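A closer look at the structure
Each chain, written out:
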Amino acid sequence: MLVLGIETSCDETAAAVVEADAMPGVPVGRIRSNAIYAQLQEHRPFGGIVPEIAARAHLERIDGMVARALADAGVSFADLDGVAATAGPGLIGGVIVGVMTAKAIALAHDKPLIAVNHLEGHALTARLVEPVGFPFLLLLVSGGHCQLLAVEGVGRYVRLGTTIDDAVGEAFDKTAKLLGLGFPGGPAIERAARDGDAVAFDLPRPLWRKPGCDFSFSGLKTAVRLLAQRLPRGDVRAVANLAASFQRTIGDILVDRCAHAFGLFRQTCHPAGEGPLTLVVAGGVAANQHLRARLAELAAVHDARLVAPPPALCTDNAAMIAWAGIERLRLGLVDGLDAAPRPRWPLDPAARAVIGRTGVGAGVKV
Ligand code: KG4
Ligand code: ZN
């Protein structure tokens, strides 16, 4: 089974071809091509992503990226079994570009269309690269989201916790901006932190050790802002120390919340005796090596297995969309040409199984 994936929901214009066995099950996929254009130069002058500029850049690049993905894979439209595109959530201008491109290809070449939830793309990436069975516990950490979910199957998600204010990637990006480290912030913080002292600053850890597994980052962000304002200008050492302390604090928060989620997951979806639990970390922030190491330590303590996709598959890409397309196509989950692009699209529409959470943010931000 061969599927073309298209990703345009944020600032990456991407197309990829992924191949897999047609039978549903655990076997992994094979990435035949993975073309990506990161719109860095378009957005860098603004220190963040400008939705209108992103939409225009997607429009200019998408046909070329699709052509490149097919050429790199050595296939033509006729060889495809389906066309998958991110249909949300995301910046709506970009999502429309991707969905319309996929619809045009599906219609012109008489192929099934799969409208993929971007978050499901992140969620299922682990299964593209490693045999990972259902259910698994998912920590989804990206620029727009920060959630803990029980993944029971394709399209079957139970949210255990979510952020009540900012997404964790947003906290990285804003901190990098405050420290003058540039855009995109996550990799810049990680680089700066390498030379820093991770215990130089004692930063707040909102909701740490509180019941449930919701997240909060706004208090941490404010503390970083107040400290950053007081740092002597051009003090590279202090900037590195603050970056390292921030990154360590994020690690403390994620580890604490995941530890709570292990308990909830065991109670709700993974009764004792079903073998070791799998924790999957996904989304752009999962590319961070310090955080991966911290989560690996936690998994070891809980006798669990950590699966973290290679960093290039953690940040936005189209291979994950093609793979989610394959997972859905194998189950007959295809969409009509009337599939609508959606700026918001929670993975768990009913936001069910809200057990043991703080209650503050129930279902607010998805
Ligand atoms: O998943 P993604 O590429 O796009 C969204 O769906 O949001 O995630 C982007 C986010 C950005 O906030 C970026 O700063 C963060 O992931 N990120 C990182 C790293 N690489 C990307 N954060 C921390 N460390 C990294 N190495
Ligand atoms: Zn993403």
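Residues numbered from 1 in each chain as written. Chains lettered and ligands numbered in written order. Predicted model: local features only at pLDDT ≥ 70, side-chain atom pairs only at ≥ 80, totals over all residues. Heavy atoms only, no water.

Let us now look at the sheet that holds strand E5 (residues 113-117). On the basis of which strands lie adjacent, the open sheet formed by five strands has the order E3-E2-E1-E4-E5 and mixed pairing. Here the strands that pair on one side only, and so sit at the sheet edges, are strand E3 (30-38) and E5. Across the sheet, the mean angle from the axis of one strand to that of its neighbour is 20°, orientation sign disregarded. The pairing of strand E2 (residues 12-19) with E3 spans eight bridges and is antiparallel. Paired with Glu19 across the two strands is Arg30, which belongs to E3. Docked against the sheet, helix H3 (residues 92-109) engages strand E1 (2-7), strand E4 (82-88) and E5, running at close to 160° with respect to E4. Each of E1, E2, E3, E4 and E5 touches helix H4 (residues 118-129); the most contacted strand, E5, lies at about 95° to it. (Pairing = 2+ DSSP bridges. Helix = DSSP H or I, 4+ residues; strand = E, 2+ residues; numbered from the N terminus. Axes fitted to C-alpha atoms, helices over the stretch in contact; angles between N-to-C directions. Contact = heavy atoms within 4.5 Å.)

Let's shift gears to the domain arrangement of the protein chain. The extent of an interface is frequently quoted as the accessible surface area lost upon association of the parts. Here the domain parsing of the protein chain yields domain 1 (2-128 + 312-330) and domain 2 (133-311). In this structure, domain 1 and domain 2 have C-alpha centres spaced 26 Å apart. Contact with domain 1, which involves 24 residues of that partner, is made by 23 residues of domain 2. Of the roughly 1900 Å² buried between domain 1 and domain 2, counting both surfaces, carbon and sulfur atoms make up 71%. Three residues, Leu119, Ala123 and Cys314, lead the burial of domain 1 against domain 2; their summed loss comes to 29% of the area buried on that side. Across the domain 1-domain 2 interface, the total number found is nine residue pairs in polar contact (both at pLDDT 80 or more). Those elements that provide at least two residues to the side of domain 1 that touches domain 2 are helix H1 (40-43), H4, helix H10 (311-314) and helix H11 (319-330). Looking at which element gives the most residues to the side of domain 1 that touches domain 2, the answer is H4, with eight residues. Counted by class, the side of domain 1 that touches domain 2 contains 12 nonpolar, six polar and six charged residues. (Domains from an automatic or database assignment. Buried area = accessible area lost by both parts, 1.4 Å probe. Polar contact = N/O pair within 3.5 Å; in protein donor to acceptor, adjacent residues only side chain to side chain. Nonpolar A, V, L, I, M, F, W, Y, C, P; charged D, E, K, R; others polar.)

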